[in-house]
Amino acid sequence: MNPSEEFVEQGISQQNLRRVSSTTVLTLAYQSLGVVYGDLCISPLYVYKTTFSGKLSLHENDEEIYGVLSFIFWTITLIALFKYVFIVMLADDNGEGGTFALYSLLCRHAGLSILPNQQAVDEKLSEYVTEGSADTWQSSALKSFFEKHPRFCKGLLIFVLLGTCMAIADGVLTPAISVLSAVSGVKLKIKELHENHIVIISCVILVGLFSLQHHGTHKVAFMFAPIVTAWLLCLTGIGVYNIFRWNSHIFHALSPIYMLKFLKSTGIEGWVSLGGVVLAITGVETMFANLGHFSTLSIRIAFTFLVYPSLLLMYMGEAAFLSKHHEDIERSFYKAIPETVFWPVFIVATFAAVIGSQAVISATFSIISQCCALNCFPHVRIIHTSSKIYGQIYIPEVNWMLMCLSLAVTIGLRDTSMMGHAYGLAVTTVMFVTTCLMAMVMIIVWKQKTVTAVAFLLVFGSMELLYISACIFKVPEGAWIALTVSSIFMAVMYLWNYGTMKKHQFDVENKVSMNRIVSLGPSLGMVRVPGIGLVYTNLVTGVPAVFGHFVTNLPAFHQVLVFVCIKSVQVPYVCEKERILISRVGPKECGMFRCILRYGYKDLQQENYNFENRLVSGLVQFVETEDETASKATDFCGEFGNSDVEAFDSSVHTISISYPEEDRVRCSCDIQVMTSDIGRVESFLLKDESLQILKAKESGITYVLGHSYAKSKKPSSIFKKFAIDVAYAFLSKNSRESNILMKVSPTSLLEVGMIYYV
C-alpha cells in the first residue's frame, strides 16, 4: 500500500495533513473524487428536466434558458465554492466535518450539551480543545443567553436533528432519482421500451446496490475515483462540444442580469422552478461531511480545478443545446450527447449514479451511528466492514429500511421531476441548518464580530430560504415525501431521546446509598461470592437502583464488584489511552470499583479486543498506584471544586488506564500468565488486593445487566402516557439488547428485571 492510501485508510488529522508532501495532497485530491463528489457530479442528469417541469415548460425560450443557467452558475459559485469550500470547511472538529461536528464545537465552547454524565475530567481529553482567544462581548452574551434559557439548548438539538433527518431523507431519495435518471436514457435508443420496464430495471439495480452493502465500500473505494474522473471528463467534453456546435455565445448567460429578467418574465412559475435549480448543488454537504478521511486542501483542489469547471461546462453546453432544441427539454442530457459516444457515456453515467448513491448510503449509516451516540436513536447493530478504514460501517436494519423506502419512491412516483422536488427540499434544509450553525460558530468559537456572522447568515441563508420556499410550494407535487420521511425519523429520535432522558433522570433520583447496603448486609444475610461482577449502569456516580433491586432479592454479590458505565463525550473520537477511567467505590475492604468507558460521537461503542483482560489489568494497575497518586488527585479535586468530588465516588482519585495498540496483546498475555500461576505473581510483590483481583478473575467474570421497562405514572398526561407506554416501549422492544451490542456470552450473563416509573 502506498503512503497516500495509508493516509486515507487510517484517517489523518488536519495538523498532520499540513505537513504532508504536495504529492500526497494531490493523490488525496484524486481519491476524494470517488468518495466525496459522486452525488454532486450526477446532478446534470436531472437538473434542467426538473427545473422546466410544470408550468415553466410553457416558457421554453432562450431568455428563460439563459436565466436558468445564470441561476445554476451563481448557485454553484456562491454556495458550493464560496460558502462550503472557502468558509465552512475551516470549521472542522479535530479534522471531522458535518452537522454534528459544528454542533460538537458549539457544545464544548458554550456548554450547550444536554448529554448526561458529563464530567469536568472530560475536559482534559486531548481532543477536547477549547483554548483560543479570549471571549468577546458578543460570544459572552450568546453563551449567557443559552445559560439563562436552557430550553434553547434542547431547541438547538432538535434543530440539528431536523437537518439530520433531512439528510436521512436524502439517503432515501438519492438512489431512487439517480438510478432512475440514468436508466431512463436507454429509451432514446430502445423506443419500444415501456416505462414499466425502466422502473423494473431501476429496482433491480437498487436491490443489487443495497444487497452489496454488507461487503462494505473499502474493497472498491479506490476504483470509484477513476470512474468519477471519467464521468467528469465526459461532462467536460460534451459541454465543450455543445457550446461550439450550438451556441458559442452562451457564456453571456453567466451575467446576473439574466436572473432578474427570468424572474420578471416568468413570475411565480419562475420562482417555483428554483426548486429544480437547487439540485445542481446536491452533494455539497458531502464535501464537508467527508472531511475526516481527506483534508481541506485536497478537497478544495479537487473541486476548484476539476469538479467546478466540469459541471459549469456541462450546464453551459446543455443550455446551448436547449437554445436550439426547445422540444427536447424532457431528455436534454442524453439528447445533447453526440451519437457516436452515446453508449459509453450511458454506461459511465449508470456507474456514476451507483457511486453517488453509495456515498449517500454510507453517509446515512454514519449519521445513524452518531445519533445512537447522542441517545437520539434506538440501539442498532453496527458492523465494521473494514479492518483498515475506521469509518466504514454497515447497519443491517437501516440498510433494508432505506432499500424499501427507495423502492417505494421509485415504484410509486416513476417521475424524476417529482422526486427532484422532494430531493431539493431535503438538500436545502440541511444547507440552511449548516448556515445557522456556522453563524453561531463564528461568534462563539471563532470570536468574530456579530456583523460578520449576520452578514454570512443573510447572504447565504436568504438564498437557501428562497430555494426552500420554492420547494415547499412543490409539496403537493412530490416534496411531501421528504417531509414525511424526515417527520417519521424526527418523531422516532425525539421519543427515544425523551424516554432515555426520563430513565436517566429516574436513575439519578433513585440512586442507592452504598453505606445503607453495607449496613443492611448482616440483616439481609448478604454474602460475597468468588469472581468478578460487572454491573452495567448509566450513571457515572453513585450506585444504580438496579443493583439495590438485585441485592434485595438475591443478597449476594461478587468478591470484586465493578460498576461499568459506557458514555458518550462531545468529541469525535476518544483515543485508546484516554478511553478508561477507574475509581474506587466505598472503602477498600468492600472491593468495589467504577469503570467509565468514554466514546466520541464517531466512535463505535464496542471493544474489539479482550476487554476483560484489559479491565483486570487496569484494576491491578489502579490498586498498585493508588497510594502514589492520592496526593496528586487531592490537588486535582481541589482544582475543580467541591461540587465535582462526587464524580470520583468515595475515592479521592481517578486514574486513566491505557495501553498502546502494540501493547494490548502483551497485556492480555501477562494477565493470562498471572492468573495461571498465582505463585509466580507473588514474586512480583503485588499487594494483597491485587492478588485477590487476579484470583477473582480465575473464578470467572459475570455481567449483570439491567433489563428495565419504563412506564408512565398514573397522573401523567395523555401525551406522556403515549410517548412512554406505547411509542418508547415499542422502540425499546425492537432495539438491540445491551448484551448483544456488547457481545456478552449467555453463560456469563445475569439480567435483572426492573420497572421504571417516570
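Residues numbered from 1 in each chain as written. Predicted model: local features only at pLDDT ≥ 70, side-chain atom pairs only at ≥ 80, totals over all residues. Heavy atoms only, no water.

What to know about a nonpolar patch on the surface
We count it as follows: Grouping into patches uses exposed residues only, defined as over 30% relative accessible area, and leaves out salt-bridged ones; the cut-off is 9 Å for like charges and 5 Å for nonpolar side chains (Val, Leu, Ile, Met, Phe, Trp, Tyr). Exposure was quantified through the Shrake-Rupley algorithm and a 1.4 Å probe, taking into account, for residues, occlusion by the shown protein chains and nothing else. A side-chain nitrogen of Lys or Arg and a carboxyl oxygen of Asp or Glu constitute a salt bridge if their distance falls within 4 Å. Where helices and strands are cited, they refer to DSSP runs of H or I of at least four residues and of E of at least two residues respectively, numbered from the N terminus.
Side chains of I158, Y494 and F719 sit close together on the surface and give an oily, nonpolar patch of about 260 Å² of accessible area. The residue Y494 is located in helix 21 (residues 480-509) in this model.

Comments concerning the side chain of T50
Worth spelling out the cut-off: Note on definitions: a residue-residue contact is assigned when non-hydrogen atoms from the two residues lie within 4.5 Å.
Inspection of the secondary structure assignment puts T50 in helix 5 (residues 47-51). Look past the residues within four positions of T50 in its chain and what remains in contact with it is G276, L279, T416, S417, G420 and H421.

Some thoughts on helix 6 (residues 62-85)
Defined as follows: Helices are assigned an expected span. That span is 1.5 Å times one less than the residue count. Relative accessibility decides the category of a residue: with a 1.4 Å probe and only protein chains considered, values under 20% of the type maximum give buried, values over 50% give exposed, and everything between is partly exposed.
Between its first and last C-alpha atoms helix 6 spans 32 Å; for 24 residues at 1.5 Å apiece the expected length is 34 Å, and the two agree. With respect to burial, helix 6 is a largely interior element, 19 of its 24 residues being buried.

Topic: the pattern of salt bridges
Summed over all chains, the structure comprises 10 salt bridges. In this structure, K602 and E96 form a salt bridge, with 2.8 Å as the shortest nitrogen-oxygen distance. Separated by 506 residues along the polypeptide, K602 in the loop between strand 6 (592-599) and helix 25 (611-640) and E96 in the loop between helix 6 and helix 7 (99-110) bring together distant segments of the chain. For the pair formed by K602 and E96, the shared burial category is buried. Salt-bridge contacts for R614 lead to E576; the nearest nitrogen and oxygen are separated by 3.4 Å. On the criterion of sequence distance, the pair formed by R614 in helix 25 and E576 in the loop between strand 4 (556-568) and strand 5 (580-585) is long-range, its members being 38 residues apart. Look at the salt bridges and you will find they share partners, linking E576, R579, D603 and R614 into a network.

Examining the packing of helix 19 (residues 416-444) against helix 20 (residues 450-472)
The geometry of a pair of packed helices is captured by two quantities: the angle between their axes and the separation between those axes. What counts is decided by this rule: The convention used is that axes are lines fitted to C-alpha atoms, helices contributing only their stretch in contact, and that angles between N-to-C directions extend from 0 to 180 degrees. Working definition: roughly parallel below 35 degrees, roughly antiparallel above 145 degrees, roughly perpendicular at 65 to 115 degrees, and oblique for all remaining angles. Charged means Asp, Glu, Lys or Arg here, nonpolar means Ala, Val, Leu, Ile, Met, Phe, Trp, Tyr, Cys or Pro, and polar covers whatever is left, Gly included.
Where helix 19 contacts helix 20, the two axes come as close as 9 Å, and the packing angle between them is 170°. One way to sum up the angle between helix 19 and helix 20 is to call them roughly antiparallel. Within the contact of helix 19 with helix 20, the residues separate by chemical class into 17 nonpolar, 8 polar and 1 charged.

A closer look at the confidence of the model for the protein
Should pLDDT be low for a region, the predicted coordinates there are not to be read in detail. The condition is simple: Each residue gets a pLDDT score, which is the predictor's confidence in that residue and runs from 0 to 100.
Summing up the model confidence of the protein, the mean pLDDT is 80 and the portion of residues at 70 or higher is 83%. Per-residue pLDDT, averaged within each element of the protein, yields its smallest value for helix 1 (residues 3-10) (40) and its largest for helix 20 (92). The low-confidence segment residues 1-19 (pLDDT under 50) makes 35 contacts with residues lying over four places distant or belonging to another chain. Segment residues 633-648 is flagged for pLDDT under 50; beyond a separation of four residues in sequence, or across chains, it makes 22 contacts in the model.

Some points on the packing of aromatic side chains
Rule in force here: Only centres within 6.5 Å qualify two rings of Phe, Tyr or Trp (six-membered ring in Trp) as a pair; their planes then separate them into stacked at under 30 degrees, edge-to-face at over 60, and tilted for everything else. The rule is short: NZ of Lys or CZ of Arg within 6 Å of the ring centre and within 35 degrees of the ring normal puts a charge over the ring.
The final tally for this structure, using the stated rule, is 30 aromatic pairs. Ring centres of F73 and W74 lie 5.0 Å apart, and the angle between their planes is 75°; this geometry places the pair in the edge-to-face category. A residue is classified by how much of its surface remains accessible, and W74, at 25% relative accessible area, is partly exposed. Between the aromatic rings of F547 and F563, the centroid separation amounts to 5.4 Å while the plane-to-plane angle is 85°, which identifies the pairing as edge-to-face. A residue pair is termed long-range when its members are at least 10 positions apart, and F547 in helix 24 (residues 545-553) and F563 in strand 4 qualify at 16 residues. You can call F547 buried: its relative accessible area is 1%. Three or more aromatic residues link up through ring pairs in this structure, and these residues are W231, F333, Y334, F342, W343 and F346. Residue placement shows R108 over the ring face of Y128; its charged tip is 5.6 Å from the ring centre. Positioned over the ring face of Y258 is K261, at 5.2 Å from the centre of the ring.

Considerations on the environment of S43
Heads up, the condition is: We call two N or O atoms a polar contact when they sit within 3.5 Å, provided that within protein one can donate a hydrogen and the other can accept it, with sequence-adjacent residues counted only if both atoms are side-chain atoms.
Here S43 is to be found in the loop between helix 4 (38-41) and helix 5. Residue class for S43 comes out buried when judged on its relative accessible area of 0%. Residues S43 and I177 lie 134 residues apart in sequence; the distance between their C-alpha atoms is 9.8 Å. Those residues in contact with S43 that lie beyond four places of it in its chain are L279, A280, T282 and Y315. At 2.9 Å, the side chain of S43 and the backbone oxygen of L279 are in polar contact.

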